[in-house]
Amino acid sequence: MSFNYAGLASTALKQIAKFGRSVTLRAVTAGTFDTSTGTKTGASTADTVVKAVVTAYKDKQIDGEIIRHGDKMVMIAGSAVTTAPVTNDIVVDGGDYKIVNIETIQPGDTVLIYKLQVRK
């Protein structure tokens, strides 16, 4: 017997839309390095505007290594994006923040929330 998580995914999307704000999720494709010319080619970005809940980490969560002062947690609904975010993608929210860690909340086949740890 399996649980249908579509209802929970819908609730996550609605709550983040209600309490969140618009941010840009920038997918970064690095491209390739041509050793004969010494140049990088094929690098690109693709922007998606999503609603997100952005919070600072509490002082007791900051350990100076995994979570550093200035890091933020960005929560987006899994159903808000067609492609999962990856580390080194960028969240634009009053500045550019690189995704350094991703926690996927996915109790079944449906991604409910992506919790992104981002850093300037």
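Here is a short report on the structure shown in this document. Once a new chain begins, its residue numbering starts again from 1 and follows that chain's sequence as written. Only residues with pLDDT of at least 70 are given local features in this predicted model, and only at 80 or more are side-chain atom pairs given and counted; all residues enter the totals for whole chains, interfaces and linings. Processing note: side-chain calculations cover all non-hydrogen atoms of the structure and skip hydrogens and water entirely.

## Concerning the sheet that holds strand 4 (residues 44-56)
Next, step 1: In this scheme, strands are said to pair when DSSP sees at least two bridges between them. In DSSP terms, a helix is any run of H or I states spanning at least four residues, a strand is any run of E spanning at least two, and both are numbered starting from the N terminus. The strand order around the closed barrel built from 6 strands is 1-4-5-8-7-6, with neighbouring strands paired in antiparallel fashion. Here the strands of the sheet are splayed against their neighbours by 45 degrees on average, with no regard to which way each runs. Axis lines are fitted to C-alpha atoms, over the contacting stretch for helices. Their N-to-C directions set the angle, which ranges from 0 to 180 degrees.

## Some details on the pattern of salt bridges
Next, step 1: Salt bridges are identified by distance alone: a Lys or Arg side-chain nitrogen within 4 Å of an Asp or Glu carboxyl oxygen. Using the criterion set out here, one finds 4 salt bridges in the structure.
Next, step 2: Here Arg21 and Asp93 are joined by a salt bridge, their closest N and O atoms 2.7 Å apart. Separated by 72 residues along the polypeptide, Arg21 in strand 1 (residues 21-29) and Asp93 in the loop between strand 6 (90-92) and strand 7 (96-105) bring together distant segments of the chain.
Next, step 3: Relative accessible area serves as the criterion here: at 15%, Asp93 is assigned to the buried category.
Next, step 4: The partner of Asp71 in a salt bridge is Arg119, with the nearest N and O atoms 2.8 Å apart. Linking Asp71 in the loop between strand 4 and strand 5 (72-77) with Arg119 in strand 8 (residues 113-119), this pair joins segments that are 48 residues apart in sequence.
Next, step 5: Judged by its relative accessible area of 4%, Asp71 is buried. When a residue's accessible area, from a 1.4 Å probe over protein chains only, is under 20% of the maximum for its type it is buried; when over 50% it is exposed; and in between it is partly exposed.

## Some points on the nonpolar core
Next, step 1: Counting residues in each nonpolar core, the largest one holds 15 residues, and the members touching the most others are Leu25, Val74, Ile76, Val91, Leu116 and Val118.
Next, step 2: Those elements that place two or more of their residues in this core are strand 1, strand 4, strand 5, strand 7 and strand 8.
Next, step 3: For this analysis, residues touch if any pair of their heavy atoms sits within 4.5 Å. Discounting residues that sit within four places of it in the chain, Ile76 has contacts with Ile16, Leu25, Val50, Lys51, Ala52, Val81, Pro85, Leu112, Ile113, Tyr114 and Leu116. The set of buried Ala, Val, Leu, Ile, Met, Phe, Trp, Tyr and Cys residues whose side-chain atoms join them within 4.5 Å is what this entry labels a nonpolar core.

## Examining the side chain of Asp89
Next, step 1: Of note, Asp89 is situated in the loop between strand 5 and strand 6.
Next, step 2: In summary, the charge assignment counts Lys and Arg as positive and Asp and Glu as negative, without counting His or the chain termini. Arg26 provides the closest opposite charge to the buried, salt-bridge-free Asp89, at an N-O distance of 9.3 Å.
Next, step 3: At 3.1 Å, the side chain of Asp89 forms a polar contact with the backbone nitrogen of Val28.
Next, step 4: With near-sequence residues (within four places) excluded, Asp89 lies in contact with Arg26, Ala27, Val28, Tyr97, Lys98 and Ile99. For the purposes of these results, a polar contact is taken to be a pair of N or O atoms within 3.5 Å, where, inside protein, one atom must be able to donate a hydrogen and its partner to accept one; residues adjacent in sequence count only when each atom of the pair is a side-chain atom.

## Some points on the pairing of strand 1
Next, step 1: Taken together, the 9 bridges between strand 1 and strand 4 define a ladder with antiparallel strand orientation. For Ser22, the partnering residue across the bridge sits in strand 4 and is Lys51.
Next, step 2: When strand 1 meets strand 6, the two strands line up antiparallel, connected through 3 bridges. Residue pairing in the sheet places Arg26 in a bridge with Ile90 of strand 6.

## A look at the environment of Asp93
Next, step 1: Note: C-alpha distance between Asp93 and Asp71 (22 residues apart in sequence) is 13 Å.
Next, step 2: Setting aside chain neighbours within four positions, we find Asp93 in contact with Arg21, Ser22, Val23 and Val54.

## As for helix 1 (residues 6-19)
Next, step 1: Expected helix span is taken as 1.5 Å per residue step, with the number of steps being one fewer than the number of residues. Over its 14 residues, helix 1 runs 20 Å from end to end, which matches the ideal 20 Å to within 8%, given 1.5 Å per residue.
Next, step 2: Residues of helix 1 that are buried: Ala9, Ala12 and Ile16. Summarising the axial view, the buried residues of helix 1 lie within an arc of 60 degrees, below the 170-degree limit, and thus occupy one face. Exposed and oriented more than 90 degrees from the buried face of helix 1 are Lys14 and Lys18.
Next, step 3: For helix 1, the elements touching its buried residues are strand 4, strand 5 and strand 8. Along the arc lie the directions from the helix axis toward the C-beta atoms.

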